[in-house]
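# Architecture at a glance
Chain by chain, the residues:
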Amino acid sequence: MLMRDLLGPVFADEQFVGLFSTRGKPAYSPGRLALVSVLQFAEGLPDRQAAHAVRARVDWKYALGLELEDCGFDHSVLSEFRDRLVAGGREQLLLDLVLRAVGEAGLLKAGGRARTDATRVLTWARERSRTEFAAETLRAALNAVAVAAPDWLAALAPPEWFDRYSRPLEDDDNGRSKRWSARIDDIDQVGRDGVELLLAVATPGDWDWLRHLPAVELLRQVWVQQFTITDGVVRGRGRRDGQPAGAIRHCNPYDPEARTNGQRGVEWDGYKVHLTETCEPDAPHLITAVETTPASGSDTVMVDVVHDRLARRGLLPRLHLVDAGYATAQQIVTARRNHGVELLGPVQANTNWQNTAGEGFGIDAFTIDWDNKTAHCPGGKTSRQWRVDTASERNPRVLARFSPADCNPCTLRAKCTTTKPRMGRQVSLRGDRDLHEVLQTARRDQGTPDWLRRYGHRAGIEGTVSQGVRSFGLRRSRYRGLAKTHLQHVLTAAGMNLVRLNAWHAGTPHASTRTSHFAALRPASQS
């Protein structure tokens, strides 16, 4: 009710016209369905309970602008509305409209501070072992073929297939019983059965169109990734046999877009969500951007995506706080050039032996003259060769080499280089001057008190992730596929914003960092 008074009608039917046909039975108000969807995720309600709240709760009727006697709608309408949003590619529209309403209320402005972090999202389907995954992929393909060509499959399938693949493996005590062991000996047996089906559908004839079924095509891709055929023998493919990395490897037959990733000893199948929020001390902390990627997606490439999204919404920050996964020299320069945003985060430390040992002369000890294409060492010598190495198109390097005649008699040689006497010191630099200077400046500054003070404001994003996981079910996908999972995250972000606006208006302070009972006993002199 407070949000209705504060923001007014956030959604209007005209904003969703493109998602509905101009002919046929009139649809239920899409503007109200959008608000119901956001309120549903704000309170963590399933479709049936959300539809019931529309019929029975006075506060929901007030927020929706309904009469008290309004009978609402059937809960299935919410699912159909989400499908329309995904089919029309309008998932971001709901968060855009909420942020626009908040901005018009004077509670959200551009040019301040923002922070971004990511967390893992588990796929809706159950995680499976490698043998279970292969068997379930084959079982899904058999079911698809059984619907498309039942007589053909009945004539092809040997009797033992019905024992192995008629039901899910977990039906037999989660795949650990003797009965399951009798059904399937090992993964190689599943591989042989799958190859037999794939060869049958690939044989030219009246039934070769079966290979184009999505489940059969997925089976083919999984078998290429998981099995190898050597001298006519089908065997499971291991990492040494060319098994692809998790970035492209399927991990679940019922969610083909999910991928596998591991971080800090935790491995999961599914996706990753990136949350960006404002963090001004005198305004509510609101989520302004949410992006969903497969679990194997790189954090680095998301900086440009987030900045482009915020630029379209007119919500670019002045200072963007990120962790080491996002901060690179390239991203710092790109953010400054394209959007005028200062990207602040710890960059990768120099890993040469001088810095690792804590003594000697690393790259930062050399003075680089980019105009004259020379480098000057701590001993006062000047490089004799300046060469651009373009072996890597994405990361070109500049190699500045010193003459052996200068390096060999130098008294600082032991702390400078370990190369053979016939070779002088070689310094490897970034191919772009701005990248090199930004990287060196960031490495020099990121340990200073002023840098640590400014970067300390990023810590609050951990609380946002925790709130999303604990109170809004952010960690588990409700739906199948990347697009609908992203829609879930957009609705979750919009719902969290409404909850935070309500807390802000009520004067509820931000929760403080939790301190354990034992840590609270620390004497003040040791704090």
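Throughout what follows, the structure given in this document is the object of discussion. Since the model is a prediction, treat every value here as computed from it, not as a measurement.

### Here's the deal with the pattern of salt bridges
- A complete count under the given rule lists 24 salt bridges for this structure.
- The closest approach of N and O atoms between R115 and E277, which form a salt bridge, is 2.7 Å. Of the two residues, R115 sits in strand β1 (residues 113–122) while E277 sits in strand β5 (residues 266–278), which places them 162 residues apart along the sequence. The same class applies to R115 and to E277, which are both buried.
- Notably, a salt bridge pairs D450 with R453, separated by 2.7 Å at the nearest N-O pair. Residue D450 and its partner R453 are both found in helix α18 (residues 449–455); the two are separated by three residues, about one turn of the helix.
- A single network of salt bridges, built from pairs that share partners, joins E43, R57 and D59.

### With respect to the packing of helix α19 (residues 461–472) against helix α20 (residues 482–505)
- Their axes nearest at 11 Å, the elements α19 and α20 cross at an angle of 100 degrees. In terms of axis orientation, α19 runs roughly perpendicular to α20. From α19, T464, Q467, G468 and F472 reach across to α20, where they touch T492, G495, M496, V499 and R500.
- Looking at the contact of α19 with α20, its residues break down into three nonpolar, five polar and one charged.

### Description of the nonpolar core
- Grouped together as the largest cluster of nonpolar side chains are 79 residues, with contacts concentrated most on L7, F11, F16, V36, W60 and F73.
- When near neighbours in sequence (up to four residues on either side) are disregarded, L7 contacts A101, V102, A105, L498 and L501.
- The next biggest cluster of nonpolar side chains, apart from the first, holds 29 residues, and it includes A134, W152, W223 and V234.

### Focus on the pairing of strand β2 (residues 227–230)
- The sheet contact formed by β2 and strand β3 (residues 233–236) spans four bridges and is antiparallel. The partner of T228 across the bridge, within β3, is R235.
- Turn length for the β2-β3 hairpin, with the two strands adjacent in sequence and antiparallel, is two residues, and the turn residue D231 shows positive phi of about 55 degrees.

### So, the sheet that holds strand β12 (residues 397–401)
- An order of β11-β12-β13 is seen for the three strands of this open sheet, with the pairing classed as antiparallel. The open sheet is flanked by β11 (385–389) and β13 (426–430), the only strands paired with a single partner. On average, each strand axis in the sheet is tilted by 25 degrees relative to the strand beside it, whichever way the strands run.
- Strand direction decides the pairing type here: β11 and β12, joined by five bridges, are antiparallel. Pairing of Q385 across the sheet is with R401, part of β12.

### Considering the side chain of T288
- Residue position: T288 is located in strand β6 (residues 287–294).
- A relative accessible area of 2% means that T288 is categorised as buried.

### Concerning helix α3 (residues 47–56)
- Those residues of α3 lying buried are D47, A50, A51, A53 and V54. Down the axis, α3 shows its buried residues gathered within 155 degrees of arc, on one side only.
- Where the residues of α3 are buried, they touch α2 (30–43), α4 (58–64) and α5 (76–87).

### Describing helix α17 (residues 433–445)
- For α17, built from 13 residues, the straight-helix expectation of 18 Å at 1.5 Å per residue is met to within 8% by its first-to-last C-alpha distance of 18 Å.
- All of the buried residues in α17 are L435, H436, V438, L439, Q440 and A442.
- As for α17, its buried residues are in contact with α14 (329–339), β9 (367–369) and β13.
- If you check the start of α17, you find a side-chain oxygen 2.9 Å away from the backbone N of D434, and it comes from D432.

### Observations regarding the packing of aromatic side chains
- Under the defined criterion, the tally for this structure stands at nine aromatic pairs.
- With a centroid separation of 5.7 Å and an interplanar angle of 55 degrees, the aromatic rings of F366 and F402 are classed as tilted. Residue F366 is found in the loop between α15 (353–357) and β9, and its partner F402 is found in the loop between β12 and α16 (404–407); the two are separated by 36 residues along the sequence.
- Of the residues examined, F366 reaches a relative accessible area of 7% and is grouped as buried.
- Considering the side-chain rings of W370 and W386, the 5.6 Å spacing of their centres and the 85 degrees angle between planes classify their relative orientation as edge-to-face. Taken together, the residues W370 in the loop between β9 and β10 (374–376) and W386 in strand β11 connect sequence positions 16 residues apart. W386 matches W370 in its accessibility class, with the two residues each being buried.
- Ring pairing ties together the aromatic residues F11, F16 and F81, which thus form one cluster.

### Considerations on the side chain of T123
- Tracing the backbone shows T123 in the loop between β1 and α7 (130–148).
- Of the polar contacts made by the side chain of T123, one reaches the side chain of D255; its length is 2.7 Å.
- Residues contacting T123, with those up to four places away along its chain left out, are D255, A258, D269, G270, R476 and S477.

### Regarding unusual backbone geometry
- Despite not being glycine, D231 shows a phi value in the positive range, around 55 degrees.
- Along the chain, the position of D231 falls in the loop between β2 and β3.
- In this structure, K373 takes a positive phi of about 55 degrees despite not being glycine.

### Some thoughts on the environment of I461
- Turning to its location among the elements, I461 is positioned in helix α19.
- In this structure, the C-alpha to C-alpha distance between I461 and A114, residues 347 residues apart in sequence, is 9.4 Å.

### Some words on the environment of R259
- Topologically, R259 is positioned in strand β4 (residues 259–263).
- Through-space distance from the C-alpha of R259 to that of R32 is 35 Å; in sequence the pair is 227 residues apart.
- Residues contacting R259, with those up to four places away along its chain left out, are G246, A247, I248, R249, H250, C251, W268, D269, G270, P294, A295 and S296.
- Within the structure, the side chain of R259 is placed 2.7 Å from the backbone oxygen of P256, a separation counted as a polar contact.

The rules behind each value
- Residues numbered from 1 in each chain as written.
- Predicted model: local features only at pLDDT ≥ 70, side-chain atom pairs only at ≥ 80, totals over all residues.
- Heavy atoms only, no water.
- Salt bridge = Lys/Arg side-chain N within 4 Å of Asp/Glu carboxyl O.
- Helix = DSSP H or I, 4+ residues; strand = E, 2+ residues; numbered from the N terminus.
- Buried < 20%, exposed > 50% of the residue type's maximum accessible area, 1.4 Å probe, protein only.
- Axes fitted to C-alpha atoms, helices over the stretch in contact; angles between N-to-C directions.
- Parallel < 35°, antiparallel > 145°, perpendicular 65-115°, else oblique.
- Contact = heavy atoms within 4.5 Å.
- Nonpolar A, V, L, I, M, F, W, Y, C, P; charged D, E, K, R; others polar.
- Core = buried A, V, L, I, M, F, W, Y, C linked by side-chain atoms within 4.5 Å.
- Pairing = 2+ DSSP bridges.
- Arc of directions from axis to C-beta.
- Expected span 1.5 Å × (residues − 1).
- Polar contact = N/O pair within 3.5 Å; in protein donor to acceptor, adjacent residues only side chain to side chain.
- Phe/Tyr/Trp six-rings, centres within 6.5 Å; stacked < 30°, edge-to-face > 60°.

Function-wise, these values are silent; they only describe arrangement.
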